[in-house]
Amino acid sequence: MSDSTSTSIPQERLIVTEIPGPRSREIHERRRAVVPPGVHSVLPVYIERAHDSIVVDVDGNRIIDVCGGIGVTTIGHTDDAVVAAATEQLNKVTHTLFTMTPYEPYVRVAEYLAKHVPGSTAEQPYKTLLMNSGAEAVENGVKIARKHTGRPGVAVLEHAYHGRTMLTSTMNHKAAPYALGYGPRASDVYKAPNSYPLHDGLSGEEAAKRTIAHLEKVAGAEDLACLVVEPIQGEGGFIVPADGFLPALAAWCRENGIVFIADEVQAGMARTGTVFSIEQFGVEPDIVLSAKGIAGGLPLAGITGRAEIMDKSQPGGLGGTFGGNPVSCAAAVAVFEQIEAQNLLAEAKRIEETFAAGLRKLQAEHDCIAEVRGMGAMLAIELVKPGTLEPDADLVARVIEFAAQRGVLLLSSGVHNQAIRFLPSLKMSDALLRDVVAVLDEAFAGCR
Ligand code: PLZ
């Protein structure tokens, strides 16, 4: 490999200018003239290339990426096998439109997803529709559930995030910035309390009882087409529900003919140590939604559901010009193969062991860290005013800024921006993970 390929990027941080550097600032000025401010960038450092866990900006700074484009480059940036598969497909055919003249990679993606959904058996097969983005996956999951049930209602949980389309922006917990001013909002969306063990202190059973009672009161079970839940809430702050919460909701859905939809857009695709995170909660969902990490950085989303539900839609009722693009599908097949070849489920567990241990050590030393939570390579810390459970969004922002200046890319989360979330690639080495913990340690010492 020549030094100009992304694979030659050393897996170490290196800061050679201030952040953002002069070249990034120059591009940013040009961008401000032609891109509206509604499209915001958390860190306006312009990236030129990337490999595994390092992104390199236009000023030559090497930054440890603990965000992965919000959980997309789960397999690492420019994974060799993914790049090779996508390049090969690019040279064969880039588009026909699956609903005009189909191609095999789409079918291979559907076969893989069907095989890995918990609950899928020969007697109960699952089928898949492919789209482009997480929000489209959610939209289509709701569409399919409505068609199946003949009911209008969509139930979601507080602290949820499902996208930025008209329907999904209504489904999100936060009006600002997602729905504010873009109304009228979608009808028949009902929000119910989630399980947030740090704050509600409820067992899974108690929290589920509260959620169900709320939905029965405000929506009525017989009017609900589906309940859409993130098994671990992503934008909401990596909230892991109390044991038993999700199984109780799934059982209630089954009893009432409500389609249980697991939005695995952020938590899925090997990130938590299983292909789908819902597996770890012992729930067999009716529909699973995937996107983000599924194609190693190329746009692709899957709606995988029980055949009897998926088969209700009439021919032509589902699809879209780019849904299941052949290059994205070829990349996804390579991701699936690499999950096995590189033992990435075990790597997720390794990351949890190394990184969570480091974060817990920080928690013991810094009383502003109320909790370390998450699973696999989906971990977060919640920051509070010491001695209280009051969110400290200012501290979150200061720590993230401090880390960025030292070459560590972090991201906040939570409806009060109370948490810092970590979405490392499954290939991030223990050495890099320890380096991130060391920078955080410095940040907490320096930001108080
Ligand atoms: N469902 C659970 O996490 C996307 C949003 C990034 P799209 N989350 C990251 C941003 O600022 O837009 C997400 C998610 C869950 C759905 C979505 C939506 O996925 O691919 O962004 O449409």
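Residues numbered from 1 in each chain as written. Predicted model: local features only at pLDDT ≥ 70, side-chain atom pairs only at ≥ 80, totals over all residues. Heavy atoms only, no water.

Regarding the overall build of the protein chain
Looking only at helices and strands, one finds 14 helices and 15 strands in the protein chain. A globule of 448 residues ought to have a C-alpha radius of gyration of about 22 Å, and the protein chain, at 22 Å, matches this closely. With respect to the principal axes defined by its C-alpha atoms, the protein chain has extents near 60 × 60 × 45 Å. Looking at the 448 residues of the protein chain, the share that counts as buried comes to 56%. Long-range contacts, defined here as pairs at least 24 residues apart, represent 74% of the contacts in the protein chain between residues at least 6 apart. (Helix = DSSP H or I, 4+ residues; strand = E, 2+ residues; numbered from the N terminus. Rg over C-alpha atoms; globule rule 2.2 N^0.38 Å. Buried < 20%, exposed > 50% of the residue type's maximum accessible area, 1.4 Å probe, protein only. Contact = heavy atoms within 4.5 Å.)

Regarding the side chain of His77
For His77, the location among the structural elements is in the loop between helix 2 (68-71) and helix 3 (80-92). Owing to a relative accessible area of 14%, His77 belongs among the buried residues under this scheme. Among all residues touching His77, those that are not within four sequence positions of it are Ala50, His51, Asp52, Ile54, Val55 and Asp65.

A short note on the packing of aromatic side chains
Tallied over the entire structure, the rule returns 6 aromatic pairs. Plain terms: the ring middles of Phe98 and Tyr103 are 5.4 Å apart, the flat faces sit at 75° to each other, and that makes the pair edge-to-face. According to the relative accessible area criterion, Phe98 is partly exposed, its value standing at 21%. A connected cluster of aromatic rings, assembled from ring pairs, spans Phe98, Tyr103 and Tyr106. (Phe/Tyr/Trp six-rings, centres within 6.5 Å; stacked < 30°, edge-to-face > 60°.)

Focus: the environment of Leu432
With respect to the helices and strands, Leu432 occurs in helix 14 (residues 430-447). Taking C-alpha positions, Leu432 is 7.8 Å from Gln11, a pair spaced 421 residues apart along the chain. If we ignore the near neighbours within four places in the chain, the residues touching Leu432 are Gln11, Glu12, Ser53, Ile54 and Ile64.

Some words on the sheet that holds strand 12 (residues 378-383)
Judged by pairing direction, the sheet is antiparallel, and its 4 strands sit side by side in the order 11-12-15-14 without closing on themselves. Looking at strand neighbours, the two that pair on one side only are strand 11 (369-375) and strand 14 (411-413), the edges of this open sheet. Going from strand to strand, the sheet's axes swing by 30° on average, the running direction of each strand aside. The pairing of strand 14 with strand 15 (residues 419-422) spans 3 bridges and is antiparallel. (Pairing = 2+ DSSP bridges. Axes fitted to C-alpha atoms, helices over the stretch in contact; angles between N-to-C directions.)

Quick look at the domain arrangement of the protein chain
When the domains of the protein chain are assigned, the result is domain 1 (4-78 + 344-447) and domain 2 (85-341). Put simply, the middle of domain 1 and the middle of domain 2, counted by C-alpha atoms, are 26 Å apart. For the domain 1 and domain 2 pair, buried surface summed over both sides reaches about 2,800 Å², with 63% attributable to carbon and sulfur atoms. Joining domain 1 to domain 2, the criterion identifies 1 salt bridge. Here Glu235 and Arg421 are joined by a salt bridge, their closest N and O atoms 2.8 Å apart. Where domain 1 packs against domain 2, one counts 14 residue pairs in polar contact (both at pLDDT 80 or more). For the side of domain 1 that touches domain 2, the secondary structure elements donating two or more residues are helix 2, helix 12 (344-365), strand 11, strand 12 and strand 15. Among the elements that take part in the side of domain 1 that touches domain 2, strand 11 stands out by supplying 5 residues, more than any other. Residues belonging to the side of domain 1 that touches domain 2 are distributed by class as follows: 18 nonpolar, 8 polar and 5 charged. (Domains from an automatic or database assignment. Buried area = accessible area lost by both parts, 1.4 Å probe. Salt bridge = Lys/Arg side-chain N within 4 Å of Asp/Glu carboxyl O. Polar contact = N/O pair within 3.5 Å; in protein donor to acceptor, adjacent residues only side chain to side chain. Nonpolar A, V, L, I, M, F, W, Y, C, P; charged D, E, K, R; others polar.)

Overview of the nonpolar core
Counting residues in each nonpolar core, the largest one holds 128 residues, and the members touching the most others are Phe260, Phe422 and Phe444. Two domains each put at least three residues into this core: domain 1 (4-78 + 344-447) and domain 2 (85-341). Those residues in contact with Phe422 that lie beyond four places of it in its chain are Val66, Phe238, Phe355, Leu359, Ala377, Met378, Leu379, Ala380, Ile381, Leu410 and Leu440. With 7 residues, the next largest nonpolar core counts Ile19, Leu43, Val45 and Ala404 among its residues. (Core = buried A, V, L, I, M, F, W, Y, C linked by side-chain atoms within 4.5 Å.)

Concerning the packing of helix 12 against helix 14
Running from N to C, helix 12 and helix 14 point in directions that differ by 15°, and their axes come no closer than 10 Å. Considered as vectors, helix 12 and helix 14 are oriented roughly parallel to each other. In this structure, helix 12 meets helix 14 at a crossing whose hand is right-handed. Taking contact as the criterion, the partners of Arg350, Ile351, Thr354, Phe355, Gly358, Leu359, Leu362 and Glu365 in helix 12 are, on helix 14, Asp430, Leu433, Arg434, Val436, Val437, Leu440, Asp441 and Phe444. Here the contact of helix 12 with helix 14 is built from residues that sort into 9 nonpolar, 2 polar and 5 charged. (Parallel < 35°, antiparallel > 145°, perpendicular 65-115°, else oblique. Left-handed = near helix turned anticlockwise from the far one by under 90°.)

Re empty space enclosed by the protein
Under the counting rule described, the total for this entry stands at 2 cavities of 30 Å³ or more. The space that makes up the largest cavity amounts to roughly 40 Å³. Lining the largest cavity, in full, are Leu157, Asn194, Ser195, Glu230, Pro231, Gln233, Ile239, Pro241, Phe245 and Leu246. Here the lining of the largest cavity is composed, by residue class, of 6 nonpolar, 3 polar and 1 charged. (1 Å grid on protein atoms, 1.4 Å probe; cavity = no way out; pocket = protein on both sides within 12 Å on 5 of 7 lines; lining within 4 Å. Points joined across faces, edges and corners; volume = space filled by probe spheres on them.)

Quick word on the pattern of salt bridges
Once their charged atoms are close, side chains differing in charge can pair, the charge on each being opposite to the other. Applying the stated criterion to the full structure yields 22 salt bridges. For Glu18, the salt bridge is made with Arg25, and the minimal N-O distance between the two is 3.2 Å. The class for Arg25 is partly exposed, based on a relative accessible area of 38%. When the shortest N-O distance is used, the salt bridge between Arg306 and Glu308 registers 2.9 Å. Given the relative accessible area of 48%, Glu308 is considered partly exposed. Each of the salt bridges in this network shares a partner with another, and the network as a whole consists of Arg254, Asp286, Arg306 and Glu308.

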